[in-house]
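As a plain string of letters, each chain reads:
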Amino acid sequence: MSNTIADPRAEKKRRDVLNAARRRFMEDGYANAGMEQIAREATVSTATLYSYFPGKADLFREVIEDTVQEMSRRMHAVMVQAEGDAETHLRLFVSTYARFMAEPNSRALFRLIASERKRFEPTAGWFWRQAQVEFGTGLMTVLKRLSDEGRVSIPDFASAAGQLLGMVEHPTLTVPMIQGDEVLIARSVDDICDDALVTFYARYGVKASVPA
């Protein structure tokens, strides 16, 4: 979707526009976010903004794509850190996922996409599919490594991955989305990850030490 801009100064302006647009879309919603206000916050002219993004819908789609790229960068960083045993790799993956979901900006973006799904149905569908690829496929790779090492017995990697991610999503994303960001998570992110992994190991019979 996006095009890379060769000029570093132009790329910085484009990045400033995306950051300003993300703030306005998240705080004001799509309908109330004004292109002029976004340009002011990005400290660029309206003409410059429109030279990068012909309309607000184009800018919105680019914000969504940029977020997916950020997700991809985080997951890629986890996947290349494959040193150590598979359990260590699994904990790193789950912790990265939990911390991403626990960020207020992540929840705000999920809310925004859900609220604008009908207006941007192809974009919303693409976002959810990409999220599944970035998180689900990556996690299944780690689970297969555990299986290959003989530490787990998993009949269905996709189901197992969904169960583990679900135990992390509920307290870090679902509950705050429903009750509001002002609701503090009762457990720390580390505790949430520990509980999810203990339950996962108990279900699939990992033959190794488990965090208390």
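Note that this is a predicted model, so its numbers are computed, not measured. (Residues numbered from 1 in each chain as written. Predicted model: local features only at pLDDT ≥ 70, side-chain atom pairs only at ≥ 80, totals over all residues. Heavy atoms only, no water.)

Trainee: Got a minute to help me understand the layout of surface pockets in this structure?
Mentor: The gaps left among the atoms become clear once a water-sized probe is rolled over them. A volume near 260 Å³ is recorded for the largest pocket. Along the walls of the largest pocket sit 15 residues, with Tyr97, Ala131, Gln132, Leu165 and Glu169 positioned nearest its centre. For the lining of the largest pocket, the elements supplying multiple residues, two or more each, are α5 (86-102), α7 (121-148) and α8 (157-179). Of the residues in the lining of the largest pocket, the class split is eleven nonpolar, three polar and one charged. (1 Å grid on protein atoms, 1.4 Å probe; cavity = no way out; pocket = protein on both sides within 12 Å on 5 of 7 lines; lining within 4 Å. Points joined across faces, edges and corners; volume = space filled by probe spheres on them. Helix = DSSP H or I, 4+ residues; strand = E, 2+ residues; numbered from the N terminus. Nonpolar A, V, L, I, M, F, W, Y, C, P; charged D, E, K, R; others polar.)

Trainee: What should I look at first to understand the nonpolar core in this one?
Mentor: As a rule of thumb, nonpolar side chains are buried together in soluble globular proteins. Core analysis: the biggest nonpolar cluster contains 59 residues, and Phe25, Leu59, Leu90, Phe135, Leu143 and Phe200 have the highest contact counts within it. If you list the elements that add at least two residues to this core, you get α1 (8-28), α2 (35-41), α4 (56-80), α5, α6 (104-115), α7, α8 and α9 (189-204). In contact with Phe200, not counting residues within four places along its chain, are Leu90, Leu143, Ile154, Ala160, Leu164 and Met167. (Core = buried A, V, L, I, M, F, W, Y, C linked by side-chain atoms within 4.5 Å. Buried < 20%, exposed > 50% of the residue type's maximum accessible area, 1.4 Å probe, protein only. Contact = heavy atoms within 4.5 Å.)

Trainee: What is the right way to look at the pattern of salt bridges in this model?
Mentor: Side chains bearing opposite charge may pair, as long as their charged atoms lie close to each other. By the definition in use, this model includes 20 salt bridges. With its nearest N and O atoms 3.4 Å apart, the salt bridge here joins Arg61 to Asp58. Here the residue Arg61 and the residue Asp58 both occupy positions in helix α4, the gap between them amounting to three residues, near one helical turn. The class for Arg61 is partly exposed, based on a relative accessible area of 30%. Salt-bridge contacts for Asp194 lead to Arg91; the nearest nitrogen and oxygen are separated by 2.6 Å. Of this pair, Asp194 sits in helix α9 while Arg91 sits in helix α5, and the two are 103 residues apart along the sequence. Exposure remark for Asp194: the relative accessible area of 15% places this residue in the buried category. On the accessibility criterion, Arg91 (29% relative accessible area) is partly exposed. Connected through salt bridges with shared partners, the residues Arg23, Arg24, Glu27, Asp28 and Glu41 form a single ionic network. (Salt bridge = Lys/Arg side-chain N within 4 Å of Asp/Glu carboxyl O.)

Trainee: Whenever I open this one, the packing of aromatic side chains confuses me. Can you help?
Mentor: The geometry of two aromatic rings is summed up by the distance between their centres and the angle between their planes. Enumeration according to the criterion identifies 13 aromatic pairs in this entry. Centroid distance Tyr52 to Phe53: 6.4 Å. Interplanar angle 75°. Geometry classified as edge-to-face. Site record: aromatic cluster; members linked through ring pairs are Phe25, Tyr30, Phe60 and Phe120. Of note, Lys56 hangs over the ring of Tyr30, and the distance from its end group to the ring centre comes to 4.6 Å. (Phe/Tyr/Trp six-rings, centres within 6.5 Å; stacked < 30°, edge-to-face > 60°. Lys NZ or Arg CZ within 6 Å of the ring centre and 35° of its normal.)

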